[in-house]
Amino acid sequence: EAGKPSRTLSLGQAPIQFGSDPTCDVRMAGLTVPRFVATVTQEGKKVILKRLSSGFLGPKVVLAGETVKDTAELEDGDKFFVGAMAAVFRLPKGRA
């Protein structure tokens, strides 16, 4: 959306973390947001989106219109949501 801030995060050896904890790479606000909601990690040649929170009150993790209940593999160009926050996964140039 126009006017919404965007930024690029690079996936290294450490996972990219989403949640309300101050150590998360992507901080999310809200009374029902758990400290850790989801991570994006590299496992070998695969990149995995993993839902960490469970329960009905926390934000949903959605990929391709489906709720991620545990883990899902990300492909280049995949758009996913952690709560209302949208993200697009892009492979680095030369890896696509």
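*Asks:* Would you explain the packing of aromatic side chains in this entry?
*Replies:* Within a pair of aromatic rings, the relevant descriptors are the distance that separates the centres and the angle that separates the planes. Within the structure shown, the criterion is met by one aromatic pair. With a centroid separation of 6.1 Å and an interplanar angle of 80 degrees, the aromatic rings of Phe18 and Phe80 are classed as edge-to-face. Of the two residues, Phe18 is situated in strand β1 (residues 16-19) and Phe80 in strand β8 (residues 79-82); the sequence distance between them amounts to 62 residues. Judged by relative accessible area, which is 4%, Phe18 ranks as buried. Residue classification places Phe80 among the buried residues on the basis of a relative accessible area of 4%.

*Asks:* Even after reading the chapter, I still don't get the sheet that holds strand β5 (residues 61-63), so can you show me in this structure?
*Replies:* Within a sheet, adjacent strands bond to each other through the backbone by hydrogen bonds, running parallel or antiparallel. With respect to topology, four strands assemble into an open sheet ordered β6-β5-β8-β9, the strand pairing being antiparallel. Edge positions in the sheet fall to β6 (66-67) and β9 (85-88), since each has one partner strand and no second. As paired strands, β5 and β8 are joined by three bridges and run antiparallel to one another. Within β8, the position partnered with Val62 by the bridge is Phe81.

*Asks:* Even after reading the chapter, I still don't get the sheet that holds β1, so can you show me in this structure?
*Replies:* Read across the open sheet, the five strands follow the order β2-β1-β3-β4-β7; overall the sheet is mixed. Across the chains shown, the open sheet's two edge strands, defined by having one partner strand only, are β2 (26-27) and β7 (71-74). When β1 meets strand β3 (residues 38-43), the two strands line up antiparallel, connected through three bridges. Within β3, the position partnered with Gln17 by the bridge is Thr39.

*Asks:* It is not clear to me how the nonpolar core should be interpreted in this structure. Could you clarify?
*Replies:* The nonpolar side chains of a soluble globular protein tend to be buried with one another. With 19 residues, the main nonpolar core has Phe18, Val40, Leu49, Leu74 and Phe80 as its most contacted residues. Within the residue set of this core, elements represented by two or more residues are β1, β3, β4 (46-51), β5, β7 and β8. If sequence neighbours within four positions are ignored, Phe18 has contacts with Cys24, Val26, Met28, Arg35, Phe36, Val37, Ala38, Thr39, Val40, Phe80, Val82 and Met85.

*Asks:* Looking at this structure, how should I read the side chain of Ser53?
*Replies:* Looking at the secondary structure, you find Ser53 in the loop between β4 and β5. Using a relative accessible area of 9% as the deciding quantity, one classes Ser53 as buried. Those residues in contact with Ser53 that lie beyond four places of it in its chain are Pro34, Phe36, Val37 and Pro59.

Procedures and definitions
Residues numbered from 1 in each chain as written. Predicted model: local features only at pLDDT ≥ 70, side-chain atom pairs only at ≥ 80, totals over all residues. Heavy atoms only, no water. Phe/Tyr/Trp six-rings, centres within 6.5 Å; stacked < 30°, edge-to-face > 60°. Helix = DSSP H or I, 4+ residues; strand = E, 2+ residues; numbered from the N terminus. Buried < 20%, exposed > 50% of the residue type's maximum accessible area, 1.4 Å probe, protein only. Pairing = 2+ DSSP bridges. Core = buried A, V, L, I, M, F, W, Y, C linked by side-chain atoms within 4.5 Å. Contact = heavy atoms within 4.5 Å.

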